[in-house]
Structures are given as structure tokens and as C-alpha cells.
Amino acid sequence: MRCSSGHARILFQFLCGSGSGTLPGMTSTPDLATLSTDELRQLASRLLEEMRGKQALIDKLTHEMAILKRLKFAASSEAFTGEQQRMLFETLDTDIEALTAEIELLAPTEPANGDHKKQQPKRAPLPASLPRKDIRHEPDSTTCGCGCQLQRIGEDVAEKLDYAPGVFTVERHVRGKWVCRQCETLVQAPVPPQIIDKGIPTAGLLANVLVAKYVDHLPLYRQSGIYGRAGLAIADSTLAQWVGVCGVQLQPLVDALSQELLAQPVLHADETPVAMLKPGNGKTHRAYLWSYCSTSMSAMNAVVFDFAESRAGRHAGKFLGNWQGTLICDDFAGYKALFRHGIVEAGCMAHARRKFHELYANHQSQIAEEALKLFGVLYDVERQVQDLDARERQEVRQRLGKPAADTLQAWLLAQRQRVPDGSATAKAINYSLERWGPLTHYLRDGTVPIDNNWVENQIRPIAIGKKNWLFAGSLRAGQRAAAVMSLLHSARLNDHDVHAYMKDVLERLPTLPANRVRELLPHRWTPA
């Protein structure tokens, strides 16, 4: 095969499209004229490999979109309730728009003849009755490079829809056109970048939609009704498209949050079931939202959710990857494989205590009452060390907590000899004794909390709203929800106003260089 610089240049331009002019891993455009024949062959081979990989991914996403469109068509004839069908449709519409956005990122070029623009539906103007605010964008200087004064000859106006609770307003972005009469140079301020290119919603409106859906658990069709009462009905499908694009644009930030969380030496882990609908048969099955969280003792406050179609331990293994640290979790078998590969297990004392609390609450068991008092001594020590550093915490735990734990263990062993096998009391005692090593690991490490309550409290607000969730079979909706909720609930952990945080992120993300995206992570964020 003969490879000329012209062939290499064509391949290079195809892969780079209209973007930066460089390929991943390249810091600058190669000077093809200076490359030798062997170097041109190597470059052409690499370009072909990149091209095939990109096209394979585009084909995969296009195929997935076709499946979702068929699911939506099939769902319209299936016997869903009205509410089920609306939530399913909003999920499928959001998935389809997210796929469209991903394909656009891979192949951003448009036809040269402008056919693409002709196919775009004409957008209805925003109602004239809505209050308007002008935001002007003018050149930094009105003096031409030739020294002449520029003259203003007109303007372009783009209207964006903004929303504050109960009130719609319109932002009029006015960009003046300035021309030099001498050298005929036209100068105009650039269009401000937006999360949704050429879309009408402001970052404030998009933040409101995301917070309402993923924090307040309002399905999009209910939000549509709320917006209608505020003076402008927005179709469910339009809201779904916005959510889909936002999910794609926010994913790099979520990936960065996951990376920083996995740099922590101690993590909580838990999982909660959610309903996942299979449109083909109209039935739901149990999927899971896995939660990974820094501890209350850590300087970093963050939680990352990971959506998976089952409770299999491989999902935890995939998320944690090569992470080596201490994992605080319950006795779920799915975590056991992790502990055979270097992760240290720390148990949840609250789970052990809870079994005795249930015995006492349901049967007024005297043994359970005595056990609760002994567990209470351990928690009294934890209240004393809450504000200490790790070294001081470990010292106090060894001095006060370990003797209390030894007393509890001896008492459990003695009581186990007195209760019959198979009884509820025996099962409660066995749970603690069989997990005694992991349950008391916190006594040997001042960075480890006594229980897993911290992460369970992060899941609790989500569990309240999950009846308003309905995930399609592609997993995309669940994964998108997990990603957006990771950012919003991490913002809540850092005491941020979640709406203000998300609005600022959506405003700044389009112009922020990739090497500065971590500035927008909830534990690092400061308002612009």
C-alpha cells in the first residue's frame, strides 16, 4: 500500500472534524510535509484504526437508538397505566436525545449544503407577554485594527427562557454588529457557549428541571403541569430532551468525582433496590442503585451512585476497580470477593445492634434489652471521639471502646450457650459473633467509623422518591439518574444550595478547559 501525505491529511481531517485539529494524545497538529515514508505509514495506520473505532461506536449508538425507538412504538400499544406510560415515554425520549448528543460529539460535522438546517423544525417564538431582560454582548473594542472607528450597523437577538419558582422570564441576548467603513471588517461578539447548543433554556431553567427530577423526585410530566400553571406549557418530550443532553454534558464531571472518591482510603458502600421496566412484556424487575460515599471523618464530602441491573458483586468490583482501602458495608455476600483481593472489610455495628432492637421492639426480650445497653456503651465512646483526629480517636477507642467491646463479646458468648439453636435470639447473637472481626475493625483504625449509617442516610432521600422512577431496559436512564444525583447529593453534603450549584455548573462547564473541570466538583466548588 502506498501512503502519501495527501492521503494521511484526508484521514487526519476526517478524524479531527471541525474540532481542535488534533487527535487524542496529540498536543499539536503534525507537519505532514516533514514526515518520512515510514512515519506517514505509521500515522495512516493509526488514523485508520481511530476511524474504525469511532465508526464502530457510532454504529453501536445508532443501533441502540433504533432499539429505543422501537420500544417506544411498542409501548404505545401495551397495557400500561396512564402514569406508567408517561414516565416510560419520558425515559425513552431522554435516552434517545442522550444518544443523539453522544453521536453528535463523535461526528459533529454538518452537510456543506445546509440541508441539516432545513430539516430543523421552526421554533415558535416565546410569548410576548413574558417579561424580558436585555443582556448585551459587544466587542471589547470599537476601534478597527486599521485605526478607524467601527460603526454599529445592526444586531442579532437570541431569546433564552429562564425560570424562577412560579415565574418565567426571557433573556434577550443582543449582539451588536460593528463594521469598519474603511477596510470593510465586520466585528461581532461571539455567541456565548451553552450546555444545549442553540437551545432556548437558560442554565437556571435546566437546573430547575434537574433538581426537581432528581432531588424532589418530580416526573417530567408533573413538571410540565407546573410550568403550564406558571404561564408556559413545556412538553414532556422537550423536557426529556433537555435532561438527556445535560446528562451527557455532565458525565465528565461525574467521572472526575468518581476518580477523586476512589482516592479516599476508607469508603462506605450500600445498595438499594429500584424498579426497572422491560417494555417488551410490561413487567418490572429489581435493579439496584449502589452507593459509595466518603466517611463523615474525611475532609472530602462526596457520594457517587452507580446504577446496575442486579445486585451481583461484580458491579461493586467494576466500580472500585483497583482501589485498595477499607470498605464499610453490611454482610451482603456480593462484597466477599472484594475482600479476597486486598480490600479490608469493616462491618456495620448498627446492623448488629438493629437485630437486637427488633427483638426488643417486637417481643420485649430481656436479653435484647441487655444487649442494647452494652451496644450503647460503644456508641457513648464514639460520641466522645467524634471531633478528635484519627490518632487521638484510636487512642481513646483502645482505652475505652475495646474493654466495652470485650465485655459485649464475652456476654454474647455466654448468652449463646443458653438460647436454643434456630431461635431469633440465637440468630441475632450469631450475626455479631460470626462477624466480630469486621465489626470491631474500627477499634484498630481511627479513620474508620463504627457503622455504615452515613451512607444509608444518603440513600434514604432517594428511597423516598423511587416510586416516581421508571427505568427503561437500556440502563441509560438509571445510569443518567445516578450520575446527576451524584453531583446534586454531593453538593447537599457540602451544604451548597443544590439549585445554585447546578446552575453555576451548567453556566461555566461549556467554557471551562478540560484540565480545570475539577474546579466544579461539589467539594471544591465556589460560586463564580
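One numbering rule holds for all chains: residues counted from 1, following each sequence as written. pLDDT decides what is reported in this predicted model: residues at 70 or higher carry local features, side-chain atom pairs at 80 or more are listed and counted, and totals for whole chains, interfaces and linings draw on all residues regardless. The basis for the side-chain values is all heavy atoms of the structure; hydrogens and waters are excluded.

(A) Fine view of the pattern of salt bridges. Here a salt bridge means any side-chain nitrogen of Lys or Arg lying within 4 Å of a carboxyl oxygen belonging to Asp or Glu. Taken as a whole and assessed by the stated rule, the structure comprises 24 salt bridges. A salt bridge links Asp156 to Lys177, with the shortest nitrogen-to-oxygen separation between them at 3.4 Å. Note that Asp156 is positioned in strand E2 (residues 151-164) and Lys177 in strand E3 (residues 167-179), a separation of 21 residues in sequence. Three or more residues joined by partner-sharing salt bridges are found here, namely Arg132, Asp134, Arg136, Glu138, Arg152, Glu155, Glu159 and Arg172. Helix and strand assignments follow DSSP, with helices taken as H or I runs no shorter than four residues and strands as E runs no shorter than two, numbered in order from the N terminus.

(B) Local environment of the nonpolar core. Think of a nonpolar core as a cluster: buried Ala, Val, Leu, Ile, Met, Phe, Trp, Tyr and Cys residues, connected wherever their side-chain atoms sit within 4.5 Å. The buried label goes to any residue with under 20% of its type's maximum accessible area, the exposed label to any with over 50%, and the partly exposed label to all in between, with areas taken from a 1.4 Å probe on protein chains only. With 85 residues, the main nonpolar core has Phe168, Leu327, Tyr335 and Leu506 as its most contacted residues. When residues in this core are grouped by element, the largest group, 12 residues, is from helix H7 (residues 236-261). In what follows, residue pairs with any heavy atoms lying within 4.5 Å of each other are defined as contacts. In this view, Phe168 contacts Leu130, Pro131, Leu161, Asp162, Tyr163, Leu205, Tyr227, Ala230, Leu232 and Ile234; residues no more than four positions away in its chain are not counted. Grouped together as the second largest cluster of nonpolar side chains are 32 residues, Ala368, Leu408, Leu412 and Tyr442 included.

(C) View of helix H10 (residues 349-363). A helix is expected to reach a length of 1.5 Å times the quantity of its residues less one. A rise of 1.5 Å per residue sets the reference length of H10, with its 15 residues, at 21 Å; its end C-alpha atoms lie 22 Å apart and thus fit the reference within 8%. For H10, every residue scored as buried is listed here: Met349, Ala350, His351, Ala352, Phe356 and Leu359. Downstream of H10 by one or two residues, Gln364 has phi in the positive range, about 50 degrees.

(D) Here's a closer look at the packing of helix H16 (residues 476-493) against helix H17 (residues 498-508). Think of each axis as a best-fit line through the C-alpha atoms, taken over the contacting stretch in the case of a helix, with angles from 0 to 180 degrees between the N-to-C directions. Orientation of H16 relative to H17, taken along the N-to-C sense of each, is 130 degrees, at an axis distance of 9 Å. Looking at the two axes, H16 sits oblique to H17. Considering the relative orientation of H16 and H17, their crossing is right-handed. Residues Leu487, Leu488, Ala491 and Arg492 of H16 form the contact with H17, whose own contacting residues are Val498, Tyr501 and Met502. Any angle that is under 35 degrees is reported as roughly parallel, and any over 145 degrees as roughly antiparallel; angles of 65 to 115 degrees are reported as roughly perpendicular and all others as oblique. Crossing handedness is defined as follows: a turn of the near helix away from the far one that is anticlockwise and smaller than a right angle gives a left-handed crossing, while the clockwise case is right-handed.

(E) Here's a closer look at the pairing of E2. Pairing between two strands requires that DSSP report at least two bridges joining them. Note that E2 and E3 share 13 bridges and pair antiparallel. Bridging from a neighbouring strand, Gly154 pairs with Lys177 of E3. Hairpin connection, E2 to E3: the antiparallel pair is bridged by two residues, and Gly166 has positive phi, about 90 degrees.

(F) Local environment of the environment of Glu392. Within the element layout of this structure, Glu392 appears in helix H12 (residues 390-416). On the basis of relative accessible area, Glu392 is assigned to the partly exposed category, the value being 30%. Residues Glu392 and Gly446, 54 residues apart in the sequence, show an inter-C-alpha distance of 7.7 Å.

(G) The arrangement of the environment of Glu382 in detail. Within the secondary structure, Glu382 sits in helix H11 (residues 366-385). What makes Glu382 buried here is its relative accessible area of 10%. For the pair Glu382 and Val396, spaced 14 residues apart in sequence, the C-alpha to C-alpha distance is 9.2 Å. Those residues in contact with Glu382 that sit more than four places away from it in its chain are Arg397, Tyr442 and Ile450.

(H) Here's a closer look at the packing of aromatic side chains. Stacked, tilted and edge-to-face pairs are distinguished by plane angle, under 30 degrees for stacked and over 60 for edge-to-face with tilted covering the rest, among Phe, Tyr and Trp rings (Trp via its six-membered ring) whose centres lie within 6.5 Å. Using the criterion set out here, one finds nine aromatic pairs in the structure. An angle of 50 degrees between the planes, with centres 6.3 Å apart, marks the rings of Trp290 and Phe332 as tilted. Of this pair, Trp290 sits in strand E6 (residues 283-293) while Phe332 sits in the loop between strand E8 (326-328) and helix H9 (336-339); the two residues are 42 residues apart in sequence, bridging distant segments of the chain. Through successive ring pairs, a cluster of aromatic residues spans Tyr163, Phe168 and Tyr227. The rule for a charge over a ring is simple: NZ of Lys or CZ of Arg within 6 Å of the ring centre, and within 35 degrees of the ring normal. In this arrangement the basic side chain of Arg311 is found over the ring face of Phe332, its NZ or CZ atom lying 3.9 Å from the centre.

All we've got here are geometric facts, nothing functional implied.
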